[in-house]
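An overview of the molecular structure
Residue strings, one per chain:
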Amino acid sequence: MATPNGPSGATPTKPMLRALAGEAVWPPPMWLMRQAGRYLPEYREVRAQAGDFIRLCTTPEMAAEVTLQPIRRYGMDGAILFSDILMVPWAMGQPLRFAEGEGPQLQPVRDAAAIGALDPAVVVDNAAPIFETVRLVRAALDAHAQKVTLIGFAGSPFTVACYMVEGHGSRDFAAARGMAYAEPLLFGTLIRSLVQATTGYLLAQAEAGAEALMLFDSWAGMLSPSQFRRWVIEPTGQIVRNIRKVNPTIPIIGFPRLAGPMLAEYAQRTGVQALGADTGMDLRWAASAVGPRQALQGNLDPLALIAGGMALETETRSILGTMRGRPFIFNLGHGIEKTTPPENVSALVRLVRTG
């Protein structure tokens, strides 16, 4: 079993793993959500060679190259596996395609027969190319960038279920949320299947060499508190417990986007080591709401990164000033936008490195 940054129980030396272990590292380690993506010309070259997005995600040499591009260019402290949260339903057997200009398109699952046809037990076999990507990236990082932490990830069950039920992206995911209210037993069946599939998927990433794991719950903030507890906190906590039974040392970051005050309960009940904070989160409040050794990660507005200049410097220094003295990983409050100038990312790295 791969262990994070050395033998089990050893004190971590990589900056990000130190922060995840509860240390107030300064200057803080940093990486950016979607740091390997469309804003980079080198990414666009590889994407054009792949042709199809799923082919890019499932061709280990290409996916590894894309994962490593921002590490070479910027020297980030974290390298996140290049993939997509919808590779889990794809591996379960749900038809998936990515249409240019339209985003992901899935065959919706809205009844017991469609949900029953999905098989969480085959995810690890079907996603084998993704784990090979993890192995390739880990080998490259171990050889050339020993301070960089490799992050594996998956979508959390509620967010992934939103796409599976809706069949595409949406402003409100009314079909999925409606099923959760009107047919909670059916929706619960889908969530339980995703808990099983996601557990296996993340454990396989850890086995292949991921040193930390992240769960993205991008649409958690659409739920009422009672629904948030049922469909976000409970499934996430179950995945964390499942992982802990097999790999008790690997750190896990939870990102319940737009959770607001529910972040405190999420932090207490899920068992994650770190909490991702979205752009709208008040970091001073978040620091008081979570445990003193639970790291926070965030939360620069991606539009401030596009703006650059004084706006970028002001926002960055405000975040750094607020988080100094506690476990913290600098990041964005959501994924990097495709119109982001690469030189602005370079400027951000310099700002964070100087503290």
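All values derive from a computational prediction rather than experimental measurement.

**A look at helix H9 (residues 157–166)**
Burial analysis of H9 places 10 of its 10 residues in the buried class, the great majority of the element. Along H9, the residues that are buried comprise Pro-157, Phe-158, Thr-159, Val-160, Ala-161, Cys-162, Tyr-163, Met-164, Val-165 and Glu-166. Following H9 by one or two positions, Gly-167 has its phi on the positive side, about 95°.

**Section: the environment of Leu-203**
When you line up the elements, Leu-203 lands in helix H11 (residues 184–208). Since its relative accessible area comes to 15%, Leu-203 is described here as buried. In this structure Leu-203 touches Ile-243, Val-246 and Asn-247, once residues within four positions along its chain are discounted.

**Examining the side chain of Asp-84**
Among the structural elements, Asp-84 can be located in the loop between strand S1 (78–80) and helix H5 (87–92). For Asp-84, the side chain forms a polar contact with the main-chain nitrogen of Leu-86, separated by 2.9 Å. Leave out the neighbours within four places in its chain, and Asp-84 touches Phe-53, Cys-57, Phe-98 and Phe-153.

**As for the environment of Pro-129**
Tracing the sequence through the fold places Pro-129 in helix H8 (residues 128–144). Expressed as a C-alpha distance, the spacing of Pro-129 and Asp-282, which sit 153 residues apart in the sequence, is 39 Å. Not counting the four nearest positions on each side in its chain, Pro-129 is found in contact with Thr-58 and Pro-60.

**Quick word on the packing of H11 against helix H12 (residues 225–246)**
Each pair of packed helices gets described by two things: the angle between the helix axes and the distance between those axes. Running from N to C, H11 and H12 point in directions that differ by 30°, and their axes come no closer than 10 Å. Seen from above, H11 lies across H12 with right-handed handedness. In this structure, H11 uses Pro-184, Phe-187, Gly-188, Ile-191, Val-195, Thr-198, Thr-199, Leu-202 and Leu-203 to contact H12, whose residues at the interface are Arg-230, Trp-231, Pro-235, Gln-238, Ile-239, Asn-242, Ile-243 and Val-246. For the contact of H11 with H12, the class distribution of residues is 11 nonpolar, 5 polar and 1 charged.

**Focus: the sheet that holds strand S9 (residues 328–332)**
Sheet strands line up and pair through hydrogen bonds in the backbone, either parallel or antiparallel. Read across the open sheet, the 7 strands follow the order S1-S4-S5-S6-S7-S8-S9; overall the sheet is parallel. Of all the strands in the sheet, just S1 and S9 have a single pairing partner and so form its edges. Looking at each pair of strands side by side, their axes are set apart by 25° on average, direction ignored. Across 5 bridges, the pairing between strand S4 (residues 149–155) and strand S5 (residues 212–217) is parallel.

**Side note on the pairing of strand S8 (residues 295–300)**
Extensive coverage of S8 is indicated by the burial of 6 of its 6 residues. Pairing between strand S7 (residues 274–276) and S8: 3 bridges, direction parallel. Bridge pairing links Leu-275 to Leu-296 in S8. In this view, the connection linking S7 to its parallel neighbour S8 by way of helix H14 (residues 283–289) has right-handed handedness. Sheet topology note: the S8/S9 ladder contains 5 bridges and is parallel. Looking across to S9, one finds that Asn-299 is bridged to Asn-331.

**A few points about the layout of surface pockets**
Gaps between atoms show up when a probe of the same size as a water molecule is rolled over them. Its boundaries defined by the atoms lining it, the largest pocket holds a volume of some 1500 Å³. Considering the residues around the largest pocket, the lining is formed by 38 residues, among which Arg-34, Arg-38, Phe-53, Asp-84 and Phe-98 are closest to the centre. Those elements that provide at least two residues to the lining of the largest pocket are helix H2 (41–50), strand S2 (96–99) and strand S3 (103–106).

**Comments concerning unusual backbone geometry**
Residue Trp-26 is joined to Pro-27 through a cis peptide bond whose omega torsion reads -5°. With respect to the element layout, Pro-27 can be found in the loop between helix H1 (15–20) and H2. Its identity as a non-glycine residue notwithstanding, Arg-34 has a phi of 60°, on the positive side. The topology assignment puts Arg-34 in the loop between H1 and H2. Look at Phe-173: it is not a glycine, yet its phi comes out positive at around 45°. For Phe-173, the location among the structural elements is in the loop between H9 and helix H10 (174–182). Since its relative accessible area comes to 0%, Phe-173 is described here as buried.

Reading the values: rules and limits
- Residues numbered from 1 in each chain as written.
- Predicted model: local features only at pLDDT ≥ 70, side-chain atom pairs only at ≥ 80, totals over all residues.
- Heavy atoms only, no water.
- Buried < 20%, exposed > 50% of the residue type's maximum accessible area, 1.4 Å probe, protein only.
- Helix = DSSP H or I, 4+ residues; strand = E, 2+ residues; numbered from the N terminus.
- Contact = heavy atoms within 4.5 Å.
- Polar contact = N/O pair within 3.5 Å; in protein donor to acceptor, adjacent residues only side chain to side chain.
- Axes fitted to C-alpha atoms, helices over the stretch in contact; angles between N-to-C directions.
- Left-handed = near helix turned anticlockwise from the far one by under 90°.
- Nonpolar A, V, L, I, M, F, W, Y, C, P; charged D, E, K, R; others polar.
- Pairing = 2+ DSSP bridges.
- Right-handed = clockwise from strand over helix to strand, strands pointing away.
- 1 Å grid on protein atoms, 1.4 Å probe; cavity = no way out; pocket = protein on both sides within 12 Å on 5 of 7 lines; lining within 4 Å.
- Points joined across faces, edges and corners; volume = space filled by probe spheres on them.

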